[in-house]
Amino acid sequence: GCELTASTKSYTFQVDEEDDSDHILALSVVCLTDGAKDECNVVEVVGRNHENQEISVPVANLKLSCQPLLSLDNFKLQPPVTFRLAAGSGPVHLAGWHQIVHREDVSFEEDDDLSEED
C-alpha cells in the first residue's frame, strides 16, 4: 500500500526492467484516513497505453461526509504505474496486492513431458 497526502502527491510502482517475470498489480481499496478534511480527494492512475503514450484516469473521488472508502475489487494494472492525488489534500490510503508470475523455459517443460511418458 501507499499513502497520498498534500506533501506526497504521487507514488510510482515499478519493477526492474531486466526482470523477465510477468507482474500484476491489483488495487483493492482506496480510503481516506485520519486527518482528512471534508473535501473532494481525486485519485488518478497514470500509466501507458498500447501506443506507449502516457494516460491518466481518475479511479476514485472520495469525500469524508459521503464516500470515505471505495472498494475497487482488485482492479488490475500493469506496472509501471503512478498513483496521483489530483485534487484534495488527503491523506488517502491505497491498498492492493502484487503478483509475480515467473516464466518457465518451454524447452524444459517439453523435456519433462517426454520423460514422464517413458
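As recorded in an unreviewed UniProt entry, the protein chain goes by the name Nucleoplasmin-3, listed as coming from Cuculus canorus. Comment text from UniProt for the protein chain, heading Subcellular location (unreviewed entry), reads "Nucleus, Nucleolus". Regarding the protein chain, the relevant UniProt record gives this comment under Sequence similarities (unreviewed entry): "Belongs to the nucleoplasmin family."

### Comments concerning the pairing of strand β7 (residues 81–87)
When strand β2 (residues 10–13) meets β7, the two strands line up antiparallel, connected through four bridges. Following the sheet pairing, Y11 is matched in β7 by F83.

### Topic: the sheet that holds strand β3 (residues 22–32)
Taken together, four strands build an open sheet; the order of strands is β1-β8-β3-β6 and the sheet is antiparallel. Each end of this open sheet is capped by a strand with a single partner; those strands are β1 (2–4) and β6 (69–77). Sheet twist, expressed as the mean angle between neighbouring strand axes with direction ignored, is 20 degrees.

### So, the environment of F83
Here F83 shows up in strand β7. Assessed through its relative accessible area of 5%, F83 is described here as buried. C-alpha separation for the pair F83 and V59, spaced 24 residues apart in sequence, amounts to 9.5 Å. Aside from chain neighbours lying at most four places away, what touches F83 is L4, K9, S10, Y11, L25, L27, E44, V45, L77 and L94.

Conventions adopted
- Residues numbered from 1 in each chain as written.
- Predicted model: local features only at pLDDT ≥ 70, side-chain atom pairs only at ≥ 80, totals over all residues.
- Heavy atoms only, no water.
- UniProt positions renumbered as here; feature names shortened; annotations may be inferred.
- Pairing = 2+ DSSP bridges.
- Helix = DSSP H or I, 4+ residues; strand = E, 2+ residues; numbered from the N terminus.
- Axes fitted to C-alpha atoms, helices over the stretch in contact; angles between N-to-C directions.
- Buried < 20%, exposed > 50% of the residue type's maximum accessible area, 1.4 Å probe, protein only.
- Contact = heavy atoms within 4.5 Å.

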